[in-house]
Amino acid sequence: MGAKMMQNGDVIQRTLTIEKKKGYPILFLQPVLKSMVWGGERLRTDFGYDTLESHLGECWGISAHPNGDCQILNVEYSGKTLSRMWQEEPGFFGKFHSSRFPLLTKIIDAKKDLSIQVHPDDVYAGEREYGSLGKMECWYVVDCPAKAELVVGHEAASKEELEQMVQQGKWKELLRRVPIAPGDFIQIDPGTIHAITGGCLIVETQQNSDITYRLYDYDRKVDGKPRELHIQQSLDVIQVPSPSVEDSVQHTQEQPKNYWKSLVDCQYYQVYKLELAGSLTFTHNETFFNVTVVEGQGRVDGIPVEKGEHFIIPAIYGKVRVEGNMTLLASDAKDA
Ligand code: ZN
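Residues numbered from 1 in each chain as written. Predicted model: local features only at pLDDT ≥ 70, side-chain atom pairs only at ≥ 80, totals over all residues. Heavy atoms only, no water.

### Some thoughts on unusual backbone geometry
- Between Val 240 and the following residue, Pro 241, the backbone shows a cis peptide bond with an omega angle of -10°.
- Looking at the secondary structure, you find Pro 241 in the loop between α8 (231–237) and α9 (245–248).
- One non-glycine residue, Tyr 130, lies in the positive phi region at around 55°.
- Its location among the elements puts Tyr 130 in the loop between α5 (122–128) and β9 (137–143). (Helix = DSSP H or I, 4+ residues; strand = E, 2+ residues; numbered from the N terminus.)

Right, here's the structure in full:
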């Protein structure tokens, strides 16, 4: 059941009924799945995405990026992508000045370690990457092995020390490893060295950007060759010193049920988590609201939804009723 399958007419019909009542309907999206050298099978086995590809690393669940622009499933917008919807139906999204849909929601299944990387901010990316946006991102840990650690930040005290440690390959001393557990949430500013480690299943909310500088790849080879590194760009953008771990990691396991808890509120987005047990009626009026079902199943305004589905509630939609036993992760964008 649900919008993970293109052929599901059930969802679409119910969505149409809602449109008559309230203007724009809740928008359901067809995720874009990406094979990665480090990817696994859990996007298929845990999240139920219907694909024959292997080494699935990423599901771009809410994306209007040219490298993976989601198709809209609602029948009245069929054939449209989210980027086209952004151009043609500004009323759906609320007041924004950007010519691009601002956010991107991914689910990441890291079977192996991802490379050590860093993202530029808007200024650097705009100048060096053909006008691309920079990348602020954040991670919600859905699952990870016992005693898992992520790489977040570094231990160098100055730019000189950073350069020296990178040139000498002192990765063990340089990279800061942070213990994590399922339910943890980590904000990653541009300029922060980071890496997702093997065994972690993560929902990522980020700026709509695909610019990554690879600092170190564990000297691995892919098809006999090392992957390209971007040492100079990385050194250009890495923040020194790194912000403290306490400032970036939050534990969300004990949050009350049936309540949208705000996990981060930064200049680009606000991210929220809801542990639903029963039902909740809420209003999210000013802008669109991206929602991902991370666990469980239920209904949104009567439409059945389940783990792995992604939808967008339009601006000025009014009251929304969610029912069931689900963990929802949501985000809204700032008009940056
Ligand atoms: Zn990243």
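What follows picks up the thread again.
### Section: the coordination of the zinc ion
- Taken together, His 119 (NE2), Glu 137 (OE), Glu 137 (OE) and His 194 (NE2) make up the protein donors of the zinc ion, found 2.0 to 2.5 Å from the metal.
- Of note is the zinc ion, whose four donor atoms meet at the metal with angles of 52 to 124° in an arrangement that counts as irregular. (Donors = N, O, S within 2.8 Å, 3.2 Å for Na, K, Ca; no water. Tetrahedral: all angles 85-135°; square planar, octahedral: opposite > 155°, others 65-115°.)

### Quick notes on the domain arrangement of the protein
- Domain annotation of the protein identifies domain 1 (6–251) and domain 2 (260–333).
- Placing the centre of domain 1 and that of domain 2 at their C-alpha centroids yields a distance of 19 Å.
- Of the residues lining the interface, 43 residues belong to domain 1; the matching set on domain 2 comes to 41 residues.
- When the two sides are added together, the surface that domain 1 and domain 2 hide from each other amounts to roughly 3,400 Å², 69% of it contributed by carbon and sulfur.
- Put simply, domain 1 and domain 2 have zero salt bridges between them.
- Joining domain 1 to domain 2, the criterion identifies 11 residue pairs in polar contact (both at pLDDT 80 or more). (Domains from an automatic or database assignment. Contact = heavy atoms within 4.5 Å. Buried area = accessible area lost by both parts, 1.4 Å probe. Salt bridge = Lys/Arg side-chain N within 4 Å of Asp/Glu carboxyl O. Polar contact = N/O pair within 3.5 Å; in protein donor to acceptor, adjacent residues only side chain to side chain.)

### Focus: the confidence of the model for the protein
- With 93% of its residues at a pLDDT of 70 or more, the protein has an overall mean of 91.
- Scored below 50 in pLDDT, residues 1–21 makes 49 contacts in the model with residues more than four places away or belonging to other chains. (pLDDT = per-residue confidence, 0-100.)

### Observations regarding the pattern of salt bridges
- By the definition in use, this model includes 17 salt bridges.
- For Glu 41, the salt bridge goes to Arg 44, with nearest N and O atoms at 2.5 Å.
- Since its relative accessible area comes to 25%, Arg 44 is described here as partly exposed. (Buried < 20%, exposed > 50% of the residue type's maximum accessible area, 1.4 Å probe, protein only.)

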